[in-house]
Amino acid sequence: QHYYITNNLSRMLGCCSRQITSTFRSPLLLSVFKGLRMYSAVERGTPNTLDYRIFYTNKDGAAISPFHDIPLYADDSQQYCNMVVEIPRWTNAKMEISKDEPLNPIKQDIKKGKLRFVNNVFPYHGYIWNYGAIPQTWEDPAHVDANTKAKGDDDPLDAVEIGAGVAKRGEVKQVKILGVLAMIDEGETDWKLICIDRNDPLAGELNDIGDVERVMPGYLEATRDWFRIYKFPTGKPMNEFAFNGEWKDKAFADNIIKETNGHWKALVSNKGVADDVNTKNTTVQNSHGLITVDEASQILNKVAAPHPTGPAVDPSTQNQCFVKRTIPESVCA
C-alpha cells in the first residue's frame with residue numbers, strides 16, 4: 001500500500017497527516033513535488049534492521065540518487081535549496097545518505113555491528129529539528145577550509161530545518177537558508193546549515209540568522225549545545241566550533257553552499273577524487289558515474305523487497321543521559 005503526500009498537502013493536514021503517517025507502518029512511497037518535478041522515497045528491506053534502505057525515484061518512476069540527481073536548488077532564482085530529510089524531529093535513529101552504495105540510498109548508521117541511535121541527552125529527545133542533507137554538495141576531505149583550518153568530513157552538507165512541522169523520513173523539502181554553524185567534529189570541518197521550510201508559517205519572518213534569535217529566542221543556543229554534547233555519552237569528546245561558536249549569516253552560508261557544490265562537481269567529473277564515494281547517477285551529463293535509467297532500475301530491483309514491519313527497537317534507545325556542560329562562556333555569548 002502506498003501513500004502520496006506533498007509538501008503543501010502535509011501543511012494543510014497538519015498534525016492529522018503526521019498521525020496518519022505514524023500510524024501506518026506499511027511500505028512507504030512518499031511523494032514530494034517541486035513544480036512539475038516529483039521525487040518519491042521508496043522503502044526497501046525491513047525497518048529496524050541492517051538491510052533497511054530508502055531509495056528515490058523521479059516523476060517518471062525512474063530510480064535516481066538523492067545525493068547526485070536531486071538538484072541543489074529548488075528554483076531557478078536559487079532562493080531555495082532542496083533538502084533530503086534523513087532524520088525527522090524527535091527521533092534518534094541515525095539515518096544518513098549512503099555514500100558508498102550505488103544510488104546512495106538512506107540507511108541507518110552502524111556502530112560495532114549494531115544500528116546506531118543518538119542518545120537522548122537531557123533536556124533533549126532525539127534530534128530537536130528535522131535533520132538532513134543538501135544534495136549536490138560535498139565537504140572535500142582533501143580540502144583544508146580557510147575558515148576552520150580543518151579538512152572536510154567527506155559528506156554532503158548537513159542541514160537542520162527549524163519549521164513547526166515534523167517531517168517524514170525521506171521527504172524532500174524546499175528550504176530557505178538562514179545561516180550556518182562551523183562545527184569541528186574529531187578534527188574535521190562539519191558545517192551545519194540552519195534553514196526553514198518555505199511553506200512554514202514562520203518562513204516569511206525568517207530571512208537571516210538574526211531573525212532566528214529574534215523570533216525564536218534560545219533556539220540557536222540550544223542547537224549549538226546539542227551539537228556540542230550529543231556524542232559525549234558514547235565516550236567521545238565534546239565537539240568544538242570555529243568562530244568561537246558564532247553563527248554565521250545567510251550570505252556566509254550561501255558561499256559555503258557554492259563552495260561545496262564546486263567540490264561536488266569535481267567529485268562527479270573526475271575519477272579518483274574520492275574512491276569511497278559512489279557517484280552513479282542518471283542526470284549529471286559528462287560525469288564518470290553516469291548510468292542509464294535501465295541500469296539504475298536494475299540496481300533498485302536487486303534490493304530486498306520491502307516489509308511493512310520489523311523488529312521492535314530496543315527500549316534502551318529511549319533512555320535519557322545527563323551531561324555536565326563545560327561550554328566556555330564565549331561560546332554561549
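Attention here is on the structure that accompanies the text.

### A word on the pattern of salt bridges
Next up, step 1: The full count for this structure, using the stated rule, is 18 salt bridges.
Next up, step 2: Note that K173 and D197 form a salt bridge whose closest N and O atoms lie 2.7 Å from each other. Highlighted residues: K173 in strand β13 (residues 172-185) and D197 in strand β14 (residues 188-197), separated in sequence by 24 residues. The two residues K173 and D197 agree in class, both being buried.
Next up, step 3: Put simply, K231 and D185 hold a salt bridge, and the shortest N to O gap is 2.7 Å. Linking K231 in the loop between α4 (219-229) and β15 (240-241) with D185 in strand β13, this pair joins segments that are 46 residues apart in sequence.
Next up, step 4: Looking at D185, the relative accessible area reads 10%, which means it is buried.

### Remarks on the layout of surface pockets
Next up, step 1: When its volume is computed, the largest pocket comes out at roughly 1200 Å³.
Next up, step 2: When contributions to the lining of the largest pocket are tallied by element, the ones reaching two or more residues are β6 (95-97), β8 (110-111), β9 (114-115), β11 (130-134), β14 and α4.
Next up, step 3: Broken down by element, the residue count for the lining of the largest pocket peaks at three residues, all from β14.
Next up, step 4: Residues that form the lining of the largest pocket fall into these classes: 17 nonpolar, ten polar and 23 charged.

### A word on the state of the cysteines
Next up, step 1: Applying the stated rule across the entire model yields zero disulfides.
Next up, step 2: Not part of a disulfide, C81 finds its nearest cysteine sulfur in C195, a span of 8.2 Å.
Next up, step 3: Given the relative accessible area of 3%, C81 is considered buried.

### Section: the packing of aromatic side chains
Next up, step 1: Throughout the structure, instances matching the rule amount to 13 aromatic pairs.
Next up, step 2: Aromatic pair Y127 and W226: ring centres 4.8 Å apart, planes at 45°, arrangement tilted. Remark: W226 occurs in helix α4 and Y127 occurs in the loop between β10 (120-121) and β11; sequence separation between them is 99 residues.
Next up, step 3: For W226, a relative accessible area of 2% gives the class buried.
Next up, step 4: Taken together, a centroid distance of 4.6 Å and an interplanar angle of 15° make the contact between W226 and Y230 stacked. Note on accessibility: W226 and Y230 belong to one class, buried.
Next up, step 5: Through a chain of ring-to-ring contacts, the aromatic side chains of Y127, W129, Y131, W226, F227 and Y230 assemble into a single cluster.
Next up, step 6: Sitting over the ring of F243, K248 keeps its end group 4.6 Å from the ring centre.
Next up, step 7: Positioned above the aromatic ring of F252 is the side chain of K248, whose terminal nitrogen or guanidinium carbon lies 5.4 Å from the ring centre.

Analysis parameters
- Residues numbered from 1 in each chain as written.
- Predicted model: local features only at pLDDT ≥ 70, side-chain atom pairs only at ≥ 80, totals over all residues.
- Heavy atoms only, no water.
- Salt bridge = Lys/Arg side-chain N within 4 Å of Asp/Glu carboxyl O.
- Helix = DSSP H or I, 4+ residues; strand = E, 2+ residues; numbered from the N terminus.
- Buried < 20%, exposed > 50% of the residue type's maximum accessible area, 1.4 Å probe, protein only.
- 1 Å grid on protein atoms, 1.4 Å probe; cavity = no way out; pocket = protein on both sides within 12 Å on 5 of 7 lines; lining within 4 Å.
- Points joined across faces, edges and corners; volume = space filled by probe spheres on them.
- Nonpolar A, V, L, I, M, F, W, Y, C, P; charged D, E, K, R; others polar.
- Disulfide = S-S within 2.5 Å.
- Phe/Tyr/Trp six-rings, centres within 6.5 Å; stacked < 30°, edge-to-face > 60°.
- Lys NZ or Arg CZ within 6 Å of the ring centre and 35° of its normal.

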